[in-house]
Amino acid sequence: MAGIIIFLCLITFPIWYNVTGGKAEYVPDLKIVTQEKQCVESKGYMRNNHMQLLNEWRNTVVREGNRVYVASDGRKYDMSLSRTCLKCHVNKADFCDKCHNYVEVAPTCFNCHVVPEEKKS
Amino acid sequence: MKTDRRGFLKIGGLGILGFAARPLVDVLLRGDLVEASPAPDTLAGKRWAMAVNVSKCKEGCRDCIVACHSVHNVPDLGNPKDEVKWIWTESYKKIFPEQEQEFDARGGKPVVVLCNHCDNPPCVRVCPTKATFKRSDGIVMMDYHRCIGCRFCMAACPYGSRSLNWRDPRPFIKKINPEFPTRTRGVVEKCDFCVERLAKGLIPACVEACKEKALVFGNLKESGAEIREILRANHTIRRRPWLGTGPQIYYIV
């Protein structure tokens, strides 16, 4: 019995060590330096679903030739990663990359899509 | 209850008819479905094509090639094996085989060639991922996101209009145009008739760059279009039409 408890303590060590040390609550500190007050959709929606949204934009633009996105509040946007997203989020390194590195995902968008010159902020 | 043969068949027939009820209801209710409204600048009712007036084309001029390749971030890898090309020149006798003859002065003359945006494109038929597809306005387009670099399309295209990126093209692009993506290693690319410019109401970059007005671009479905007038008034030839691909680049030689 004691052996099982010691085993459980040891195996869950990384979890409670990080929880008590406050590391589990770490969230990447993203800098939002946009001029616009609001993104194409709400902040929560974008945080959770920007990948699906971008995939949808990609398919609509490339395959259907439709370049206008009508947001849920009726505003219209040019469906473009470089011209719409990155025009506002000019700091790719402090915005996209920071979070992508933290969650360890490597989207291949920028293998082809060109990042506009970043302004030093 | 006693059922005779006749009664059984009647009931059976009516029962089978019941199966038709659901599809019938579906068909009748279809009127209520919301049809997706077509985009404002719909692609239907268009058929883009180009005419190349070879006699107007000035020898040694590379304006169209330079314009296209700089707009579309086409790399210059510096050797013919790795070459990536959207618009380039070939000798007359090579692009019009069986039309050449020994004393034709045009035999060695370079002629501008690009993707023919075929009516019946073999590259589209062979693409296993549907990365290459034909839009309803006739443009044969690449979805680079889906290309797996299998090069079936390169084998299928009888015009050599497609190039594979054997290596990362980025370091070989002199000046990257931020408005257009580059490609990545292992992706096939080709002329896209400047879909991104057409979407903005501009004509293709090569046509715009040609000072001699040797390239004419237009919509074949528009009755008053310049291209229609040119095709009506001139004798034009196309590259290897007997293959049944229906090429849409017309040459006035």
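Residues numbered from 1 in each chain as written. Chains lettered and ligands numbered in written order. Predicted model: local features only at pLDDT ≥ 70, side-chain atom pairs only at ≥ 80, totals over all residues.

A. Quick look at the overall build of chain A. Of regular secondary structure, chain A possesses six helices and two strands. Expected size for 121 residues packed as a compact globule is a radius of gyration near 14 Å; at 20 Å, chain A overshoots this value by more than 25%. Here the C-alpha coordinates of chain A stretch approximately 65 × 35 × 30 Å along the principal axes. Within the span of chain A, comprising 121 residues, buried residues form 7% of the whole. Intrachain contacts of chain A at a sequence separation of at least 6 include 60% that bridge at least 24 residues. (Helix = DSSP H or I, 4+ residues; strand = E, 2+ residues; numbered from the N terminus. Rg over C-alpha atoms; globule rule 2.2 N^0.38 Å. Buried ≥ 20, exposed ≤ 12 C-beta atoms within 10 Å, placed from the backbone. Contact = placed C-beta atoms within 7 Å.)

B. Here's a closer look at the interface of chain B and chain A. Facing 15 residues of chain B, the contacting portion of chain A comprises twelve residues. Among the residues making up the side of chain B that touches chain A, the classes are represented as nine nonpolar, three polar and three charged. (Nonpolar A, V, L, I, M, F, W, Y, C, P; charged D, E, K, R; others polar.)

C. View of the sheet that holds strand 1 (residues 48-53) of chain B. Residue and element names in this part refer to chain B. Pairing in this open sheet of three strands is mixed, and the strands run 8-1-9 from one edge to the other. Of all strands in the sheet, those bounded by a partner on one side alone are strand 8 (215-219) and strand 9 (249-252). The mean angle between the axes of side-by-side strands here comes to 20°, regardless of whether they run parallel or antiparallel. As defined by bridge partners, strand 1 adjoins strand 8 across five bridges and the pair is classed as antiparallel. When the sheet's bridge partners are listed, Ala49 is paired in strand 8 with Gly218. Relative to the sheet, helix 9 (residues 226-233) contacts strand 1, strand 8 and strand 9, its axis offset from that of strand 8 by approximately 115°. (Pairing = 2+ DSSP bridges. Axes fitted to C-alpha atoms, helices over the stretch in contact; angles between N-to-C directions.)

D. Spotlight on the confidence of the model for chain A. Across chain A, pLDDT averages 87, with 97% of residues at or above 70. Least confident of the elements in chain A is helix 2 (residues 13-20) of chain A, whose mean pLDDT is 85; most confident is helix 3 (residues 43-64) of chain A, at 93. (pLDDT = per-residue confidence, 0-100.)

E. Region of interest: unusual backbone geometry. In this model, Glu104(A) sits at a positive phi of 55°, which is unusual for a non-glycine residue. Within the secondary structure layout, Glu104(A) lies in the loop between helix 5 (96-102) and helix 6 (109-112). Not every positive phi belongs to a glycine, and Lys213(B) is a case in point at roughly 55°. For Lys213(B), the position within the fold is in the loop between helix 8 (205-209) and strand 8. Residue class for Lys213(B) comes out exposed when judged on the 10 C-beta atoms lying within 10 Å of it.

F. Just the nonpolar core, in detail. Residues Met50(B), Val52(B), Ile87(B), Leu114(B), Cys206(B) and Leu215(B) are the most contacted members of the largest nonpolar core, which totals 51 residues. Counting residues per element, this core draws most heavily on strand 1 of chain B, at five residues. (Core = buried A, V, L, I, M, F, W, Y, C linked by C-beta atoms within 7 Å.)

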